Amino acid sequence: MSQKKPEKLVDENDVRLDSRGLNKLRPIKIEVGVLGNADGSAYIEQGKNKILAAVYGPKEAHPKHLAIPDRALLRCRYHMAPFSVEERKSPAPSRREVELSKVITEAIEPAVLVEYYPRTSIDTFIEVLQADGGTRCAAITVASLALADAGIPMRGLVAACAAGKVEGRLLLDLTDVEDKGGEADLPLAWMPNLNAITLLQMDGSLTIDEFEQVVNMAVEGCKQIYELQKEVLKAKYVTVKEEVEE
Amino acid sequence: MPTFYEKREIVTPGDLLAEGDYMAGDNTYKEDDKIYATRVGLVGYDDRKVFVVALKAFYVPSVGDLVIGKVVEVGLGSWIIDIRAPYPAVLRASDVLNRPFKPQRDDMPSILDVGDLVMAKIVAYDRTRAPLLNTREPDLGKIERGQIVEITPTKIPRVIGRKGSMITMLKQETNCQIAVGQNGVILVSGKSPKDEQLAVMAIRKIEEEAHTSGLTDRVTQMVRSEKGGVEHVSEET
Amino acid sequence: MKSSIMVRVKQKQIAQLVSLGKRLDGRGLTDYREIQLEVGVAGRAEGSARVRLGKTEVMVGTKIEIGEPFPDVPDQGVLTVNAELVPLASPTFEPGPPDENSIELARVVDRGIRESKAIALEELCVEPGKKVFIIFVDVYVLNHDGNLIDASALAALAALLNTKMFKYEVKEGEIKVKPGYIPLPMKNYPIAVTFAKINDKLIVDPWLEEEQVMDARITITTDKDGKVCAAQKGGYGCFTTQQVLEAAKIAKEKAEELRKLVVKG
């Protein structure tokens, strides 16, 4: 079952297929503490993306020979459910999932105070239940929240967002169809309090100037997502506080 | 020398709490001259110290703490105890028996078996070894009866209350013995299951509303009205 | 026997030197090590190359087969890149299926070639929807002394430029091989440039001991027109936006220099 390629992805008024402007994020809904067994968890819906993250740890590292004497071992596993994409995906980890697991771990690690828990492991499991482009960014956003929800001390939160070029326009938060039909896609993860980029990948074709503009655009998108992350972490406590303290 | 939040505001990891000549207290870290939060919680400023009372955190062992744990492994001469911390704790048979362990004579599982609950004290702990437990003091040892409540360890101080005000009230009102483990595990044992249930309910309410003010009064009120049962004493609000 | 654990004193030494704008081997911060390139080194491959970047050594061989195209691009050839970190290349490489490092290496090299449209895949169709040429690019790391990405990407490009395809015609649905060879049709020449960040300074072409000390690395691949076609940040540290943009500019310049080694004329 393959979809027909749409005529145009962006119209002459710079309006995209999903009616967004060039600089707009897809609608985002986030929740934390959604899974009973995990030490921390979070769920995100970003456009048609549906992604769940769970954290187990810090706990004793198993197998023991992987334990690091002076810090925790942080592992993030990015995995897509077979039904998450149009053509059923085999449950076995693909090369793409292996690469993404690596870059996601490297995007999150700078944020976690791993030195506090030597010889332990902190495992983050990310499951993509429905995919529509930009899943690695949504995965980082939600993994970072799951770690905070688990009460694991962090230097700060990590927010992630992609920007790119489609039909000559530079735009934010590409959907799958925009990524496939466009000229460039650049996923980026950002730690706001350190002003630092922890993930940056790019594929496509951009001049050096366009590269600069797209990087800056992605960072601005991350800043918006960071505000949502903070709200979500506080939300549970704010409502209880308001209810009882009147 | 600025601080950026009001006392008891909710902050999230990475929030800049203060800048300048301040000390980094609980759940914060200092980089250059800036102090950031490491966990979600309520920020506090105490003279030059900046700290965060975390709303959710796991237990990190500390020497001298009273903890309640579950036996997960029976070894030769020692048990491994899960105390809900990143590191499992060790309890030596010699410390429980108060004499050297004799493998031919002593049967480990009949003293403590997998699944048994034990109340103990942490007597040693550092970066390189597992926390070591001891049951020497009275009231410590295998738990025979009662109900267990697990709450996030950061809320244990709230269950105890200022100068023990909350825990004293709970014990009185519910007629139960309540042993509070610093690792977030609480043992409630009363004369009837109904009394125990009431204490459990109260503890859950404390956990839910730990970050609010006026809690002791509200919990007292709730406990009393639940005890009242059918003949509900309605109070003018 | 060499150990892969670095002495702390040396780590400090490298970091301190970098702060002063110097490197242990005397290079400038944006200098590559000596590069040696040989092509046609694997006789059974359709194309091959070996790159020595300092002591890092990578060999790439290409093989061509006939196969089915991808359903969404039925009239294009297929590119597939694989990388092997063979155990003889380093005490840290274990035998076994590709791990995350070799998968990342293969995918970054692939991205540079694919996104720059280096190979004219549209000229590799034999029968639309049924038969196309599959280009296998196999990266074989022979000695790991740092910066496997740039060495592998350079060797891959050289191997592709060295690749010859047999001449053919299609008769009654069958492929008939004709005498003679044609070069693999190439349209672009992507070059990867990798930076390590040490003490907030960017250095080009990190050698192994610099990699062991670095905070993070970033690779920027640019094509013959100076456009960025791939980027990959790696490692557990982070970069500021300024550092990323600076890296992109330097990468474009360095790529022009390196491209001259591979593309003659």
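Definitions and cut-offs
Residues numbered from 1 in each chain as written. Chains lettered and ligands numbered in written order. Predicted model: local features only at pLDDT ≥ 70, side-chain atom pairs only at ≥ 80, totals over all residues. Helix = DSSP H or I, 4+ residues; strand = E, 2+ residues; numbered from the N terminus. Rg over C-alpha atoms; globule rule 2.2 N^0.38 Å. Contact = placed C-beta atoms within 7 Å. Buried ≥ 20, exposed ≤ 12 C-beta atoms within 10 Å, placed from the backbone. Pairing = 2+ DSSP bridges. Nonpolar A, V, L, I, M, F, W, Y, C, P; charged D, E, K, R; others polar. Axes fitted to C-alpha atoms, helices over the stretch in contact; angles between N-to-C directions. Parallel < 35°, antiparallel > 145°, perpendicular 65-115°, else oblique. Left-handed = near helix turned anticlockwise from the far one by under 90°. pLDDT = per-residue confidence, 0-100. Domains from an automatic or database assignment. Core = buried A, V, L, I, M, F, W, Y, C linked by C-beta atoms within 7 Å. Expected span 1.5 Å × (residues − 1).

Novice: Describe in detail the overall build of chain A, supporting the description with residues and values.
Specialist: A count of helical and extended segments in chain A gives four helices and nine strands. Computed over C-alpha atoms, the radius of gyration of chain A comes to 19 Å, within 12% of the 18 Å expected from 2.2 N^0.38 for 246 residues, which places it in the range of a compact globule. Principal axes of the C-alpha set define a box for chain A whose edges measure 55 × 50 × 40 Å. In chain A, of all internal contacts separated by at least 6 residues, the share reaching a separation of at least 24 is 70%.

Novice: Help me get a handle on the overall build of chain B, residues and values and all.
Specialist: A count of helical and extended segments in chain B gives six helices and 16 strands. Counting only residues that meet the buried cut, chain B has 36% of its 237 residues in that class. Here the analysis covers contacts within chain B between residues at least 6 apart in sequence; of these, 54% occur between residues at least 24 apart.

Novice: Explain the pairing of strand β9 (residues 196–206) of chain A residue by residue, including any values.
Specialist: Within β9(A), eleven of the eleven residues are buried, leaving the element largely enclosed by the surrounding structure. Pairing of strand β8 (residues 184–191) of chain A with β9(A), which is carried by six bridges, proceeds in the antiparallel orientation. Paired with W190(A) across the two strands is I197(A), which belongs to β9(A). Between β8(A) and β9(A), which follow one another and run antiparallel, lie four residues, and N195(A) among them has a positive phi close to 55 degrees. Pairing of β9(A) with strand β12 (residues 228–234) of chain C involves four bridges; the strand directions are antiparallel. Paired with M202(A) across the strands is A231(C), a residue of β12(C).

Novice: Let's hear about the interface of chain A and chain C: which residues, and what values?
Specialist: Contacts between the two partners involve 30 residues from chain A and, on the opposite side, 30 residues from chain C. Of all the elements in the fold, those that place two or more residues in the side of chain A that touches chain C are α1 (95–108), β9 and α4 (208–244) of chain A. Class assignment of the residues belonging to the side of chain A that touches chain C gives a composition of 14 nonpolar, nine polar and seven charged.

Novice: How would you summarise the sheet that holds strand β6 (residues 159–166) of chain A if you had to cite specific residues and measurements?
Specialist: Sheet architecture is open: eight strands sit in the order β7(A)-β6(A)-β8(A)-β9(A)-β12(C)-β11(C)-β9(C)-β10(C), paired in antiparallel fashion. Every other strand in the sheet has two partners, leaving β7 (169–172) of chain A together with β10 (201–204) of chain C as the edge strands with one partner each. Geometrically, the sheet is characterised by an average inter-axis angle of 20 degrees between neighbouring strands, direction not taken into account. The sheet contact formed by β6(A) and β7(A) spans four bridges and is antiparallel. Following the sheet pairing, G164(A) is matched in β7(A) by L171(A).

Novice: Talk me through the environment of Y29(B); I want residue IDs and the actual numbers.
Specialist: Its location among the elements puts Y29(B) in strand β4 (residues 28–31). Taking the number of C-beta atoms within 10 Å as the measure of exposure, Y29(B) has 18 and is therefore partly exposed. Residue contacts for Y29(B): discarding those within four places in its chain leaves R155(A), A24(B), Y36(B) and T38(B).

Novice: How would you summarise the packing of helix α5 (residues 193–209) of chain B against helix α6 (residues 215–228) of chain B if you had to cite specific residues and measurements?
Specialist: Think of two packed helices as two axes; the pair is described by the angle between the axes and how far apart they sit. Residue and element names in this part refer to chain B. Where α5 contacts α6, the two axes come as close as 10 Å, and the packing angle between them is 150 degrees. Of the possible angle classes, the one that applies to α5 and α6 is roughly antiparallel. Handedness of the α5/α6 crossing: right-handed. Packed against α5, whose contacting residues are L198, M201, A202, K205, I206 and E209, the element α6 presents L215, V219, M222, V223, E226 and K227 at the interface. Considered class by class, the residues forming the contact of α5 with α6 number eight nonpolar, no polar and four charged.

Novice: Lay out the confidence of the model for chain B in plain terms, naming residues and giving numbers.
Specialist: All names here are of chain B. In the predicted model, chain B carries a mean pLDDT of 89, and 96% of its residues have values of at least 70. Looking over chain B, one finds the lowest element-wise mean pLDDT in α6, namely 86, and the highest in strand β5 (residues 34–37), namely 96. Low pLDDT, under 50, characterises residues 230–237; the stretch is placed with two contacts to residues that sit more than four places away or in other chains. Across the assembled chains, the prediction reports ipTM 0.92 with pTM 0.91.

Novice: Can you explain the domain arrangement of chain B? Please cite residues and give values.
Specialist: Residue and element names in this part refer to chain B. For chain B, the assigned domains read domain 1 (10–54), domain 2 (66–142) and domain 3 (147–228). Taking only C-alpha atoms, the centre of domain 2 and the centre of domain 3 are 27 Å apart. Facing the eight residues of domain 2 at the interface are eight residues of domain 3. Counting residues per element, the ones that place at least two in the side of domain 2 that touches domain 3 are β8 (66–74) and β11 (117–126).

Novice: Describe the nonpolar core, with residues and values.
Specialist: Within the largest apolar cluster, 202 residues are counted, with the highest numbers of intra-cluster contacts made by A160(A), L188(A) and V139(C). When near neighbours in sequence (up to four residues on either side) are disregarded, L188(A) contacts A160(A), C161(A), A162(A), I197(A), L199(A), L200(A), V215(A), A218(A), V219(A) and C222(A).

Novice: How would you summarise the sheet that holds strand β5 (residues 120–130) of chain A if you had to cite specific residues and measurements?
Specialist: Residue and element names in this part refer to chain A. On the basis of which strands lie adjacent, the open sheet formed by five strands has the order β1-β2-β3-β5-β4 and mixed pairing. Looking at the sheet topology across the chains shown, the edges are occupied by β1 (28–32) and β4 (73–80). Between one strand axis and the next, the sheet turns by 15 degrees as a mean value, whatever way the strands run. Where β4 and β5 come together, eight bridges link them in parallel fashion. Pairing of R75 across the sheet is with D123, part of β5. Along the sheet face, helix α2 (residues 135–149) touches β1, β2 (40–46), β3 (49–60), β4 and β5 and points at about 150 degrees away from the line of β2.

Novice: Any chance you could break down helix α3 (residues 148–161) of chain C for me, citing the residues and the numbers?
Specialist: Given a rise of 1.5 Å per residue, 14 residues ought to cover 20 Å, and the 20 Å separating the end C-alpha atoms of α3(C) matches this to within 8%. Burial analysis of α3(C) places 13 of its 14 residues in the buried class, which makes it a mostly covered element.

Novice: How would you explain the packing of helix α2 (residues 100–115) of chain C against α3(C) if you had to name every residue and give the values?
Specialist: Residues and elements named next belong to chain C. Close contact between α2 and α3 brings their axes to 10 Å; oriented N to C, the two are set at 45 degrees. Considering their axes alone, α2 and α3 lie oblique with respect to each other. Taken as a pair, α2 and α3 cross one another with a handedness that is right-handed. Residue-level contacts link L105, V108, V109, G112 and I113 of α2 to L148, I149, S152, A153 and A156 of α3. A per-class count over the contact of α2 with α3 returns eight nonpolar, two polar and no charged.

Novice: With reference to specific residues and values, describe unusual backbone geometry.
Specialist: Between G57(A) and the following residue, P58(A), the backbone shows a cis peptide bond with an omega angle of -5 degrees. Tracing the sequence through the fold places P58(A) in strand β3. With an omega of -5 degrees, the peptide bond running from H62(A) to P63(A) counts as cis. Looking at the element boundaries, P63(A) is found in the loop between β3 and β4. One non-glycine residue with positive phi stands out, namely K117(C), at about 50 degrees. By the element assignment, K117(C) lies in the loop between α2 and β5 (125–127).

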